[in-house]
Amino acid sequence: GNSVTQMEGPVTLSEEAFLTINCTYTATGYPSLFWYVQYPGEGLQLLLKATKADDKGSNKGFEATYRKETTSFHLEKGSVQVSDSAVYFCALPTLYNFNKFYFGSGTKLNVKP
Amino acid sequence: EPEVTQTPSHQVTQMGQEVILRCVPISNHLYFYWYRQILGQKVEFLVSFYNNEISEKSEIFDDQFSVERPDGSNFTLKIRSTKLEDSAMYFCASSDDTYGYTFGSGTRLTVV
């Protein structure tokens, strides 16, 4: 079935540093790919998505490109802020139910001033 | 922006007690879900619900769990006899059929 693998955290960066959180996927076909964010004490929020190969999803300065050659969907941001401190989850629909998501293990990001 | 609303935000219950977690999905959504996140762990699928019946459930969703849409707006998750290992954050979500997938802010369940 479909699955994702995320880099383990925590990731600790200084403000304005460049961020990359790696995500690779295993899938049948080319499902849409998603990044969700969970701020401390809050629920899951959709950060960005890409619906087909070579698409780039972007939101709030974050970007991720759907790369089928490397089966990756890495999350990047050029200059992180303290307010970006959160847990980030890569996700994709499972094989038989496109509305059911498989989440990665999550990567905690700590941004220090 | 439409929201999925979950209540309560935090519930503490004694082991063996029944709990009901409540969710109000987005009004024009047709698919409803419960997910669970044990502290510090993955977000895990529990159950999906469509057209007034369960469309899929995970191995976690055993006979102790049930879901219901008692009226046109609420979607509930019941745990009949809670165990310590049921302590987790429970997320409700709803979607239309175009990946408009929205999560609620979660209910933190603590079983003592």
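The coordinates are above.
Because the structure is a prediction, the values reported are computed rather than measured.

Rules used in this analysis
- Residues numbered from 1 in each chain as written.
- Chains lettered and ligands numbered in written order.
- Predicted model: local features only at pLDDT ≥ 70, side-chain atom pairs only at ≥ 80, totals over all residues.
- Heavy atoms only, no water.
- Buried < 20%, exposed > 50% of the residue type's maximum accessible area, 1.4 Å probe, protein only.
- Helix = DSSP H or I, 4+ residues; strand = E, 2+ residues; numbered from the N terminus.
- Pairing = 2+ DSSP bridges.
- Axes fitted to C-alpha atoms, helices over the stretch in contact; angles between N-to-C directions.

(A) Quick peek at the pairing of strand 3 (residues 19-24) of chain B. Residue and element names in this part refer to chain B. Only one face of strand 3 is covered, namely the face carrying Val19, Leu21 and Cys23; the face carrying Ile20, Arg22 and Val24 is uncovered. Taken together, the three bridges between strand 1 (residues 5-7) and strand 3 define a ladder with antiparallel strand orientation. In the sheet register, threonine 7 faces strand 3, and the bridge partner there is arginine 22. The pairing of strand 3 with strand 8 (residues 75-79) spans five bridges and is antiparallel. Counterpart to valine 19 in the pairing with strand 8 is isoleucine 79.

(B) Representation of unusual backbone geometry. In the segment running from A:Gly9 into A:Pro10, the intervening peptide bond is cis, with an omega of -5°. Counting through the fold element by element, A:Pro10 comes out in the loop between strand 1 (3-6) and strand 2 (11-14). Residue B:Pro8 is reached from B:Thr7 by a cis peptide bond, and omega for that bond is -10°. Residue position: B:Pro8 is located in the loop between strand 1 and strand 2 (10-13). Backbone geometry at A:Asp54 places phi at a positive 75°, although glycine is not the residue there. Tracing the backbone shows A:Asp54 in the loop between strand 6 (44-50) and strand 7 (56-59). Using a relative accessible area of 51% as the deciding quantity, one classes A:Asp54 as exposed. For B:Asn51, which is not glycine, the phi torsion reads 55° and is therefore positive. Looking at the element boundaries, B:Asn51 is found in the loop between strand 5 (43-50) and strand 6 (53-57). The exposure class of B:Asn51 is exposed, given its relative accessible area of 58%.

(C) Layout of the sheet that holds strand 8 of chain B. Residues and elements named next belong to chain B. As summarised here, the arrangement of the four strands in space is 1-3-8-7, forming an open sheet in which the pairing is antiparallel. Taken across any chain shown, the strands that pair with only one partner, and hence form the sheet edges, are strand 1 and strand 7 (65-68). For this sheet the average axis-to-axis angle between neighbouring strands, irrespective of direction, equals 20°.

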